[in-house]
Structures are given as C-alpha cells and as structure tokens.
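For reference, the chains in residue letters:
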Amino acid sequence: MLKARELGIELDEKRPEMKGLIDELKEREFRGYEYEAADASFKLLVAKCLGQTRKFFEVENYRVIIERHGAELWAEATVKLTVNGVPAHTVAEESGPIGALDKALRLALEKTYPQLRQMTLRDYKVRILEGNQSASSRTRVLIESGDGQSIWGTVGVSDNIIDASWEALMDAVTYQLMQTESAASEH
C-alpha cells in the first residue's frame, strides 16, 4: 500500500482484488522479484490484479541465436507476435542478445505503435539470486528504459537469463504503451 501511494496509486484496502494483489506480490517476492527499481513492473502488476490492463499484443514466440565469426560476436533475435489480430514476424541483429531482442520486439510493434520509436533501453542489470545453483541459478534482470521525457524500470525473473530479460522488456514496452494511451485519453 505504501509503495502504491509513493507512485500515486490510490488503493482501497477493502476492495476484494486487494487480497489477490497481496498474494501475488508475496509469491513473486518469494520467487525473487523486487520492485524497488522497477516501478513500471509494479504499476503493471497492480493494474493487472485490479483488472485495469489491456493486451496490446500477443506473443507467439521468440528466439535468440548467438554467432561468432572470427573476432565478431553477433546476436540475432526473431520475434513472432499478433498485433490487433495481424501477425508480425521480425528479425533483428545486434552485438548482444538483449539488444537484438529489444530491437526485434519494437520492430514488430512500431508499425501499430509508432511511439515506441522514441523508446530506448538505457540500463541493464543482472543479479544471480541462488548462487549455489551455478549456471542454472535463478536470475533477476532489471531494465531501465526511457523515451526522452521519462525513465522507468522493469524487472524479470527466470532460471534463464534471456527469458528474465524478455519479461523485463515486455513490461517496458507495455508500460510505455499504457502511458501513451493514458496521456492520449486525458487530452
């Protein structure tokens, strides 16, 4: 409740959805989620639990391939989505897998949501949560994104670093779309 108030979200403790929100938060924190630096992911979770979200797109699948050609290292990401009932299939290359995923995701969405062209991935942090599991440890990824006017943080957690990153990227894009939709409806 305190975190919600800090972010300007007024929640009625007596609403029946609040128990579901609190249970979801407890379960996620147990799995390794942390929302201190991920306000956007927190706001999306609250909106989801209160039934105030809209699906901007559906994910069919994604894939990342990393290749070394001599001294050059490249990553290629393929993303398949459905946007407003229309399939979108994009491929993007970058020097790293997360940059490639970010680029492919936004390429798939920019035709329908041109405001995503302003969005950039500003920071990327990884934390291993269960150090005794070696390479199969649970990983938390924190992403900071911006659009030139504001900056927001998102989080993803998984046993797979690419999947945790994908989750944080999805939240970053969804948050940007929710913010621009909200701003447009206020005018």
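Up top you'll find the structure we're talking about.
What counts and what doesn't
Residues numbered from 1 in each chain as written. Predicted model: local features only at pLDDT ≥ 70, side-chain atom pairs only at ≥ 80, totals over all residues. Heavy atoms only, no water. Helix = DSSP H or I, 4+ residues; strand = E, 2+ residues; numbered from the N terminus. Buried < 20%, exposed > 50% of the residue type's maximum accessible area, 1.4 Å probe, protein only. Contact = heavy atoms within 4.5 Å. Areas by Shrake-Rupley, 256 points an atom, 1.4 Å probe, with all protein chains shown as cover. Phe/Tyr/Trp six-rings, centres within 6.5 Å; stacked < 30°, edge-to-face > 60°. Lys NZ or Arg CZ within 6 Å of the ring centre and 35° of its normal. Pairing = 2+ DSSP bridges. Axes fitted to C-alpha atoms, helices over the stretch in contact; angles between N-to-C directions. Patch = residues over 30% accessible without salt bridge, like charges linked within 9 Å, V, L, I, M, F, W, Y side chains within 5 Å. Salt bridge = Lys/Arg side-chain N within 4 Å of Asp/Glu carboxyl O.

Draft legend 1. Broad picture of the overall build of the protein. Within the protein, the secondary structure is distributed over five helices and six strands. Helices and strands in the protein line up, N terminus first, as α-α-α-β-β-β-α-β-β-β-α. Residues classed as buried in the protein amount to 41% of the 187 residues present. For the protein, contacts bridging at least 24 residues in sequence account for 49% of all contacts bridging at least 6. Carbon and sulfur atoms provide 48% of the accessible area of the protein, an area that totals close to 10,700 Å².

Draft legend 2. Looking closely at the packing of aromatic side chains. Counting across every chain of the model gives five aromatic pairs. On the basis of an interplanar angle of 10 degrees and a centroid distance of 6.3 Å, the ring pair of Tyr 33 and Tyr 35 is categorised as stacked. Taking the relative accessible area as the measure of exposure, Tyr 35 reaches 6% and is therefore buried. Aromatic side chains Tyr 62 and Trp 166 sit 4.4 Å apart centroid to centroid with 20 degrees between the ring planes, which places their arrangement in the stacked category. Taken as a pair, Tyr 62 in strand 1 (residues 58–69) and Trp 166 in helix 5 (residues 161–186) lie far apart in primary sequence, 104 residues in all. Over the aromatic face of Tyr 33 sits the side chain of Arg 28, whose NZ or CZ is 4.7 Å from the ring centroid.

Draft legend 3. Up close: the sheet that holds strand 5 (residues 139–146). Spatially, three strands are ordered 4-5-6 in an open sheet, and the strand pairing comes out antiparallel. One side of each edge strand has no neighbouring strand; the edge strands of this open sheet are strand 4 (120–128) and strand 6 (151–158). Looking at each pair of strands side by side, their axes are set apart by 20 degrees on average, direction ignored.

Draft legend 4. Looking closely at a nonpolar patch on the surface. Nonpolar side chains collect at one region of the surface, where Val 126, Ile 128 and Ile 161 lie side by side and expose about 230 Å² of accessible area between them. Secondary-structure assignment places Ile 161 in helix 5. Ile 161 gets classed as partly exposed once you look at its relative accessible area, which sits at 37%.

Draft legend 5. Here's a closer look at the pairing of strand 3 (residues 86–94). One ladder, built from nine bridges, connects strand 2 (residues 72–83) with strand 3; its direction is antiparallel. Bridging across to strand 3, Lys 80 finds its partner in His 89.

Draft legend 6. How the structure looks around the sheet that holds strand 3. Read across the open sheet, the three strands follow the order 1-2-3; overall the sheet is antiparallel. Both outer strands of the open sheet, strand 1 and strand 3, are each paired with one neighbouring strand and no more. Neighbour to neighbour, the strand axes of the sheet diverge by 10 degrees on average, direction disregarded.

Draft legend 7. Main features of the pattern of salt bridges. Summed over all chains, the structure comprises eleven salt bridges. A salt bridge links Glu 24 to Arg 28, with the shortest nitrogen-to-oxygen separation between them at 2.9 Å. On the criterion of helical spacing, the pair formed by Glu 24 and Arg 28 is a turn pair, its members being four residues apart in helix 2 (residues 17–31). The class of Glu 24 is partly exposed, set by a relative accessible area of 22%. Look at the salt bridges and you will find they share partners, linking Asp 102, Arg 106, Glu 110 and Arg 117 into a network.

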